Amino acid sequence: MSWGVNLMYYHCPNCGKKFKYAEDLIAYFGDQFGLCPACGTPGVFEKNGARTLDDFDYEEVED
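Residues numbered from 1 in each chain as written. Predicted model: local features only at pLDDT ≥ 70, side-chain atom pairs only at ≥ 80, totals over all residues. Heavy atoms only, no water.

## Topic: the overall build of the chain
Here comes step 1: For the chain, the helix and strand inventory stands at one helix and four strands.
Here comes step 2: Helices and strands in the chain line up, N terminus first, as β-β-α-β-β.
Here comes step 3: Compactness check: the chain gives a C-alpha radius of gyration of 11 Å against a globular reference of 11 Å for 63 residues, within 12% of the reference.
Here comes step 4: Overall, the chain is about 40 × 25 × 15 Å in size when its C-alpha atoms are taken along their principal axes.
Here comes step 5: Classification of the 63 residues of the chain by burial places 29% in the buried group.
Here comes step 6: Excluding contacts between residues fewer than 6 apart, the proportion of contacts in the chain whose partners are at least 24 apart in sequence is 56%.
Here comes step 7: Surface summary for the chain: the accessible area is close to 4,100 Å², and the carbon and sulfur share equals 52%.
Here comes step 8: Averaging the locations of the 5 positively and 11 negatively charged side chains of the chain gives two centres separated by 6 Å. (Helix = DSSP H or I, 4+ residues; strand = E, 2+ residues; numbered from the N terminus. Rg over C-alpha atoms; globule rule 2.2 N^0.38 Å. Buried < 20%, exposed > 50% of the residue type's maximum accessible area, 1.4 Å probe, protein only. Contact = heavy atoms within 4.5 Å. Areas by Shrake-Rupley, 256 points an atom, 1.4 Å probe, with all protein chains shown as cover. Lys, Arg positive; Asp, Glu negative; His and termini not counted. Charge placed at Lys NZ, Arg CZ, Asp CG, Glu CD.)

Dropping the structure here:
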C-alpha cells in the first residue's frame, strides 16, 4: 500500500503564502526547490510526509 508521494510543506516569511513541493521533484527544481512561487523568497519548512489534513491550505508547486 502506498500513501503517494511525500510532500514538503512551507510558508513564506515575506508574503505569508502556504505552499508545498513533492519530494520527487527536488532534482527537477534544483536550487529553486523550497522557494515561494509568489515572490521567490526561501520558504520556512513546516513539515513533510504524505498528504495531511490541512493539505488543501497549501498550493502545490509544479512548474
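## Quick word on the nonpolar core
Here comes step 1: In terms of nonpolar packing, the biggest core is built from ten residues, these being Met8, Tyr10, Cys12, Phe19, Tyr21, Phe29, Phe33, Leu35, Cys36 and Val61.
Here comes step 2: Within the residue set of this core, elements represented by two or more residues are strand 1 (7-11) and strand 2 (18-22).
Here comes step 3: Discounting chain neighbours no more than four positions away, the residues touching Tyr21 are Asn6, Leu7, Met8, Tyr10, Phe29, Gln32, Phe33, Gly34, Leu35 and Val61. (Core = buried A, V, L, I, M, F, W, Y, C linked by side-chain atoms within 4.5 Å.)

## Points about the sheet that holds strand 1
Here comes step 1: Reading across from one edge, 3-1-2-4 is the order of the four strands in this open sheet, with mixed pairing throughout. The sheet is open, and its two borders are formed by strand 3 (44-49) and strand 4 (59-60), each paired with just one other strand.
Here comes step 2: Relative to strand 4, strand 2 is paired through two bridges, and the arrangement is parallel. Its bridge partner lying in strand 4, Phe19 is registered against Glu59. (Pairing = 2+ DSSP bridges.)

## A word on the pairing of strand 1
Here comes step 1: In terms of residue burial, strand 1 counts as a mostly covered element, since four of its five residues are buried.
Here comes step 2: By the bridge criterion, five bridges tie strand 1 to strand 2 in an arrangement that is antiparallel. Following the sheet pairing, Tyr9 is matched in strand 2 by Lys20.
Here comes step 3: One ladder, built from five bridges, connects strand 1 with strand 3; its direction is antiparallel. Residue pairing in the sheet places Tyr9 in a bridge with Lys47 of strand 3.

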